[in-house]
Amino acid sequence: MSTSPTTSAEARHAPHHHAMDTAPAPQGATGVKGVLLPVAIVLVIGSIFVSVFLAAFHAPRPHDLPVAVVGTTQRLEQVTGGLELGLSGGFEVKRYPDENAARRALQDRKVYAAYVTGSGNSATLLYAGANGPSVTSTVTGAFSGVAKANNDRLTVRDVVPASAGDTRGMSVFYAGFGVVLAGFLFGMMTYQMAPRLEYRWRLASLASFSVLAGVLVAAMAGSLGFAALPGPFLGIAGIIALLAAAVGSATMMFMRVFGRAGMSLAAVVLLTFGNSTSGGTLPAAYLPEWLHPLSEVLPVGVGVRAVQGLSHFNNDGLTTGIAVLVAWILVATVVLFWLDARGPRRAAVD
């Protein structure tokens, strides 16, 4: 019985196709390397986490924390000298013409306290409890010392109090930490669970995750839930959604650019450095100089400040936050487009 040329050709090529279809997946590290490599990676990441958080918070003190003084030149010099004597380099003193101007600066978070001198030896300290108990303790302690040294009768007033559902001022930190963790997990799992998903569908998944995260967090932390963030629902939801999208897309970008190492890099950059410099527990002025700049460029820092501004401080940080978060999203999605969508097309043409 003869065999046709076509059948013979199919028979010759069949084993080749079968071999490609059933090629075994890479098994990863084995032996001593398989035992020690995970230990080393996790210990390095853990050591970075502990060292960065200890550097930021083991003995927090302000560096050039902006404060306002209202009064004569002589009184300004007295207050400035007293603050410097009590905490050298801790405060940046700004002079304001009257109490109303100082109060507006405090409400806009241009300053963190205002010392208003009056007639005789009277003085009033204005502060914002919404900045949290650590800042409140710093400014009240420092200015109480100044008042005592100058024999001032000091009256203390909280002009921007914390919300009833956030008496310790920590809710924005926990909300930000949770969103960053969720964004990191999403960025990691989308490639693990759907490695061949088309670029447009992966972006649709990112958008769905981000919008839902924004709505859920705003509902839980806002007036519908714990009443910890009293800002407008849509505003809070929008910033949280941008934060989730920025972290999720950045994690995806790290993984696509750096491969297996990308997950570890994303954890260090976004989780460790991002959360430690977020300003959710203490303002950026309390950070060491080498960490301070990160609060202005990493997603969680600008996102937290924008949420705080929406909730308490006349939209302080909102414009900058939106711009930085959108920039992260744009850069990440462009890189992913080049690698996930454009790359296969170029390979097909070649």
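What comes next concerns the included structure. (Residues numbered from 1 in each chain as written. Predicted model: local features only at pLDDT ≥ 70, side-chain atom pairs only at ≥ 80, totals over all residues. Heavy atoms only, no water.)

Here we look at the sheet that holds strand 3 (residues 113-117)
Here comes step 1: Reading across from one edge, 2-1-3-4-5 is the order of the 5 strands in this open sheet, with mixed pairing throughout. On the outer flanks of this sheet lie strand 2 (91-95) and strand 5 (153-158), each paired with one strand and no other. With strand direction ignored, the average angle separating the axes of adjacent strands in the sheet is 20°.
Here comes step 2: Sheet topology places strand 1 (residues 65-70) next to strand 2; 5 bridges connect them, and they run parallel. In the sheet register, Val-67 faces strand 2, and the bridge partner there is Val-93.
Here comes step 3: Relative to the sheet, helix 3 (residues 73-86) contacts strand 1, strand 2, strand 3 and strand 4 (122-127), its axis offset from that of strand 2 by approximately 170°. (Pairing = 2+ DSSP bridges. Helix = DSSP H or I, 4+ residues; strand = E, 2+ residues; numbered from the N terminus. Axes fitted to C-alpha atoms, helices over the stretch in contact; angles between N-to-C directions. Contact = heavy atoms within 4.5 Å.)

Quick notes on the pairing of strand 5
Here comes step 1: As defined by bridge partners, strand 4 adjoins strand 5 across 6 bridges and the pair is classed as parallel. Its bridge partner lying in strand 5, Thr-124 is registered against Thr-155.
Here comes step 2: The β-α-β motif built from strand 4, the intervening helix 5 (residues 133-149) and the parallel element strand 5 has right-handed crossover chirality. (Right-handed = clockwise from strand over helix to strand, strands pointing away.)

Digging into the side chain of Asp-166
Here comes step 1: In this structure, Asp-166 sits in the loop between strand 5 and helix 6 (171-193).
Here comes step 2: In this structure, Asp-166 is buried with no salt-bridge partner, the nearest side chain bearing the opposite charge being Arg-168 at 8.3 Å.
Here comes step 3: A distance of 2.9 Å separates a polar atom in the side chain of Asp-166 from a polar atom in the side chain of Ser-171.
Here comes step 4: In this structure Asp-166 touches Ser-171 and Ala-228, once residues within four positions along its chain are discounted. (Buried < 20%, exposed > 50% of the residue type's maximum accessible area, 1.4 Å probe, protein only. Lys, Arg positive; Asp, Glu negative; His and termini not counted. Salt bridge = Lys/Arg side-chain N within 4 Å of Asp/Glu carboxyl O. Polar contact = N/O pair within 3.5 Å; in protein donor to acceptor, adjacent residues only side chain to side chain.)

Brief notes about helix 9 (residues 260-276)
Here comes step 1: Counted at 1.5 Å a residue, the expected span for helix 9 with its 17 residues is 24 Å, and the 24 Å between its end C-alpha atoms agrees.
Here comes step 2: By the burial criterion, the buried members of helix 9 are Gly-262, Ala-266, Ala-267, Val-268, Leu-270, Leu-271, Thr-272, Phe-273, Gly-274, Asn-275 and Ser-276.
Here comes step 3: Next to the buried residues of helix 9 lie helix 2 (31-57), helix 6, helix 8 (233-258) and helix 10 (299-311). (Expected span 1.5 Å × (residues − 1).)

Things to note about the packing of aromatic side chains
Here comes step 1: The tally for this structure, following the rule as stated, stands at 9 aromatic pairs.
Here comes step 2: Both rings, one in Phe-173 and one in Tyr-174, keep their centres 5.6 Å apart while their planes meet at 65°; by these two values the pair is edge-to-face.
Here comes step 3: Overall, Phe-173 belongs to the buried group, its relative accessible area being 11%.
Here comes step 4: What makes Tyr-174 exposed here is its relative accessible area of 55%.
Here comes step 5: Following the ring pairs from residue to residue traces out a cluster consisting of Phe-49, Phe-53 and Phe-57.
Here comes step 6: Its end group placed over the ring of Tyr-191, Arg-202 keeps NZ or CZ at 4.0 Å from the ring centre. (Phe/Tyr/Trp six-rings, centres within 6.5 Å; stacked < 30°, edge-to-face > 60°. Lys NZ or Arg CZ within 6 Å of the ring centre and 35° of its normal.)

Describing the environment of Tyr-112
Here comes step 1: Mapped onto the secondary structure, Tyr-112 falls in the loop between helix 4 (99-107) and strand 3.
Here comes step 2: Using a relative accessible area of 7% as the deciding quantity, one classes Tyr-112 as buried.
Here comes step 3: Taking the C-alpha atoms as reference, Tyr-112 lies 7.9 Å from Asn-131; in sequence the two are 19 residues apart.
Here comes step 4: Sequence-distant contacts of Tyr-112, defined by excluding residues within four places in its chain, comprise Leu-65, Pro-66, Leu-106, Tyr-127, Ala-128, Asn-131, Val-135, Val-139, Pro-283 and Arg-305.

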